[in-house]
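One letter stands for each residue in the lines below.
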Amino acid sequence: MASGIRDKVAIVGMGCSRFGERWNMGADDLMVEAFTEAMADAGVERDRIEAAWLGVFYQEQSTSKSGLPLSMALRLPNVPVTRVENLCATGTEALRGAVYAVASGAVDIALAMGVEKLKDTGFGGLPERAKGTFEDQWQPGFTPPGAFAQLGAAYAARHGLSIDELRRAMAHVSVKSHANALDNPKAHLRTPITSEQVLGAPMVAFPLGVYDCCGVSDGAACAIVTTPEIAASLGKRDHVSVKALQLAPSNGAEMGHASWDGSYTPTTRLAASRAYREAGLTDPASQLGLIEVHDCFSVTELVVMEDLGLSAPGRAPADILNGRYDRDGAIPCQTDGGLKCFGHPVGASGLRMAYEIYTQLLGRAGARQVGAPSLGLSHNLGGIPNRNVASVAIFGLNQF
Amino acid sequence: MTRGISSIAVYVPRRRLSRRAISEALAWRLQSVGGRGERAYGNWDEDALTMAVEAGRAALGGREAVAGVTFASTTHPFLDRSNSGLVAEALALPAQVTTQDAAGSQRAGTSALMALLEGTAPSTLLVAADRRATQPGSVQELNYGDGAAAVVVDGQAELAEYLGGYSENIDFVDHYRQAGERHDYALEDRWVRTEAWGPFVRRAVAALLAKTSVAAPAITRVVLTAPRATAEPLIRTLGLTNATLVDGLHDRVGDTGVAHPLLMLAGALDEAMPGEVILVIGFGQGIDALLLRVSDSAPQRRTGRVLSGALARGLTDHAYVRFLSHGGALALDWGMRAERDMRTAHSVHYRKRAALNGFVGGRCTACDTVQFPAAPACVNPECRAFAPQTPIRLVDLPATVKTYTEDWLAFTPSPPLVYGNVAFEGGGNAFIEFADVDPGEVSVGAAVMFVFRIKDIDHARGFHRYFWKATLRRS
């Protein structure tokens, strides 16, 4: 009987580049920036890394295929490098690979790196991409905001809200993340905004305006993972332990079956329930000290609060407006600014979330520190609501 | 054996450009601003083929028994790929139907109709459609319109019985469009009126009446696509003492080219009483003349709203620049997103063509769940069986909007790109683009229907690829 991943692997070092429009940095530079910080944090030599996982989504834009871009950028000692891609859950997927490698006993120390270099497209927003030789011939030529905007119409219809009521709660999501990012020197967007600005902004994809959309950023984040025993031998008395790492991809039901009404993300619900079980959480709303969720768009964050079981069905708008997920609320969310303001270099985002949880658990978050949390959760929703990959990871502070 | 027409339908695109909008845009080069009425024009995702499919669908009205499809047009999107074959697949007709593209003249529709009426094929669908590009500022821009018409020709003649036809071939070049050219080159209308319309029609009608032994006063309606100023005096010279000119639709639609005689015939058949005789003239490098007698069963077989219904679905438009852009006459800047490669994997299209051309999904033989696209394993989370799926055509199933957005970021030649998830009655869901909807029109739960449209235009390789889109079911 499998026992899950809980407490089998420790994170001993993490690094994260500054996110943003890094016009003078390539993917290799960004990976080195993140890696340098992680090495210093972990206190291990580069050549002790025995295997690495590279997460990158837009290979055409950011790097190229394979694990080579990581191996070459860091001049690793020819150790195995696996390139992974799982939409916006790519960074978490890279971490999962490294963590599983350590847990299996195959290696002692592994590296997970996520990177994306988006600002070489020549235009705003995410790059255009083909959806496949068949899908391109029938699926709409959607954009990410348009695909996620669908949640808004469906959520409002299901819960009897007007779009205007929904948009007011969505606006608070963005205002909160902008406020949080002011205390994050690595964040892409560090300007305060008001609800009036959000609601008055030009429409990108109804009902999402410009301020309902996250930043499109360059950046890299990485983690060095090992066994709890080796972590101790490195002098890490208190260390961040992986409590759960779950992934739930769609199997087509959302897009193709009537059982889904478009107002929520079933995969998030599945990944969350598995992760809570794996981590041994019985009352996540009271146990989690902070969360980082996939706020690619404000409406995503809103519906995900219910999918994670943190808001009761239909209650997310009220909870959001009441400050439940503000930095001083019951469950601080996006304390670093989230995808919205820290930025969203796709392949790096899962590891960037882990980085914030790690930083907060170790009490290193400075002006944005939220007390002394012992458990944090990260969530990704890759793809689009009707066809996605959800990931939920839970990290905890193991004190000795 | 009695031969005739058993069904007729038309398709006119939704937008009708006010001629005044054209003349106002061109006021700086005109002596006076004016222009009466409006002309129909297709959306960016419509061409002669998509319009033909819509007219053909309506004419078939669910009957699948036709043995052939003929598609007449001078603006077939493909010079070398069977346009009628694609129409037949879009209509989900059996592979055994014969297909024929008719082209080359404004007379292509009436000539094809006459050939079918004089033939022996048990039942054939004739569709005629044109979307003629016009040079901005030209007379043709004012006078032309986009549209399609379709008839089912068979031995039942439920709407009208064929009495006979007469045809002459004459290389009279009133206008032409050489291969590879976008626009027509038209000659002086006075010459065409006096040297062609007048003598050709008089000669053809005389010969036809003699051939069919029909007396001139028996004819009650005349379909003549000539400008009214030409047509009115002309029919007075024919001795048709009881005939009226069928509305040429200049004020509502414009001249739809190959489709136009059939479009006008639809208007006549909406109203004519059993026993009335209708003269249909086709003109273009010669002349076709056909006589049809309205069948006794016509009143039971028709709605009487074929043409008026299509006219009523129009939306007056004053956006001349949109008209130019949708018609390809003006290349607007669509930004870098429009540079996305639209290459079609034709091997994929071939193996998935039932889904793509005919919007055919699958019904799981284990649990009956309808799904699109059909797949090896059932999409129902309670089933997921690797069970065979029986083909099911989704085109005519009632459906409603589940989710939607109006996307101003995505590339489309007609922003915003509207798309969403739709749910079919009785199960089945599809993620699909919407056509012909304006911002603010779509809502969750709204009833939709499906139309065959251009999905993408591959400018790099010169290719229209097609798929079905949802549009609002407007009352």
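Residues numbered from 1 in each chain as written. Chains lettered and ligands numbered in written order. Predicted model: local features only at pLDDT ≥ 70, side-chain atom pairs only at ≥ 80, totals over all residues.

Looking only at helices and strands, one finds 13 helices and 23 strands in chain B. For chain B, whose C-alpha radius of gyration is 23 Å, the value lies close to the compact-globule estimate of 23 Å for 475 residues. Projected onto its principal axes, the C-alpha coordinates of chain B cover approximately 75 × 60 × 40 Å. Burial statistics for chain B: of 475 residues in total, 50% are counted as buried. Within chain B, counting contacts between residues at least 6 apart in sequence, those at least 24 apart form 70% of the total. (Helix = DSSP H or I, 4+ residues; strand = E, 2+ residues; numbered from the N terminus. Rg over C-alpha atoms; globule rule 2.2 N^0.38 Å. Buried ≥ 20, exposed ≤ 12 C-beta atoms within 10 Å, placed from the backbone. Contact = placed C-beta atoms within 7 Å.)

A few words on the sheet that holds strand S2 (residues 15-18) of chain B. Residue and element names in this part refer to chain B. In spatial order, the strands read S3-S2-S15; together these 3 strands make up an open sheet with mixed pairing. What marks the edges here is a single partner per strand, and that holds for strand S3 (38-41) and strand S15 (315-317). For this sheet the average axis-to-axis angle between neighbouring strands, irrespective of direction, equals 40 degrees. Summarising the sheet, S2 and S3 pair through 4 bridges and their orientation is antiparallel. (Pairing = 2+ DSSP bridges. Axes fitted to C-alpha atoms, helices over the stretch in contact; angles between N-to-C directions.)

Attention now moves to the interface of chain A and chain B. Listed per partner, the contact involves 34 residues of chain A and 42 residues of chain B. Listing elements by their share of the side of chain A that touches chain B, those giving two or more residues are helix H5 (144-159), strand S5 (203-205) and helix H9 (253-256) of chain A. At 7 residues, the largest contribution of residues to the side of chain A that touches chain B is made by H5(A). The residue inventory of the side of chain A that touches chain B, partitioned by class, reads 17 nonpolar, 15 polar and 2 charged. (Nonpolar A, V, L, I, M, F, W, Y, C, P; charged D, E, K, R; others polar.)

Residues and elements named next belong to chain A. At a closest axis distance of 8 Å, the pairing of helix H6 (residues 163-181) and helix H12 (residues 298-307) adopts a crossing angle of 105 degrees. One element, H6, and the other, H12, form an angle in the roughly perpendicular class. The residues of H12 that touch H6, namely those facing Ala169, Met170, Val173 and Ser174, are Ser298, Val299, Glu301 and Leu302. Looking at the contact of H6 with H12, its residues break down into 5 nonpolar, 2 polar and 1 charged. (Parallel < 35°, antiparallel > 145°, perpendicular 65-115°, else oblique.)

Right, let's talk about the nonpolar core for a bit. Counting residues in each nonpolar core, the largest one holds 276 residues, and the members touching the most others are A:Ala98, A:Ala112, A:Cys222, A:Ala223, B:Val10, B:Ala55 and B:Ala148. A per-element tally of this core places helix H15 (residues 346-361) of chain A first, with 9 residues. Apart from the residues lying within four places of it in its own chain, the contact partners of B:Val10 are B:Ala55, B:Gly147, B:Ala148, B:Ala149, B:Leu263, B:Ala266, B:Val306, B:Leu307 and B:Ala310. (Core = buried A, V, L, I, M, F, W, Y, C linked by C-beta atoms within 7 Å.)

Residues and elements named next belong to chain B. The domain boundaries assigned to chain B delineate domain 1 (4-326) and domain 2 (336-359 + 394-472). For domain 1 and domain 2, the distance between their C-alpha centres works out to 29 Å. With 16 residues of domain 1 at the interface, the matching set in domain 2 holds 13 residues. Of all elements in the fold, only helix H2 (48-60), helix H3 (83-90) and helix H11 (320-326) reach the threshold of two or more residues within the side of domain 1 that touches domain 2. When grouped by side-chain class, the residues that make up the side of domain 1 that touches domain 2 number 6 nonpolar, 4 polar and 6 charged. (Domains from an automatic or database assignment.)

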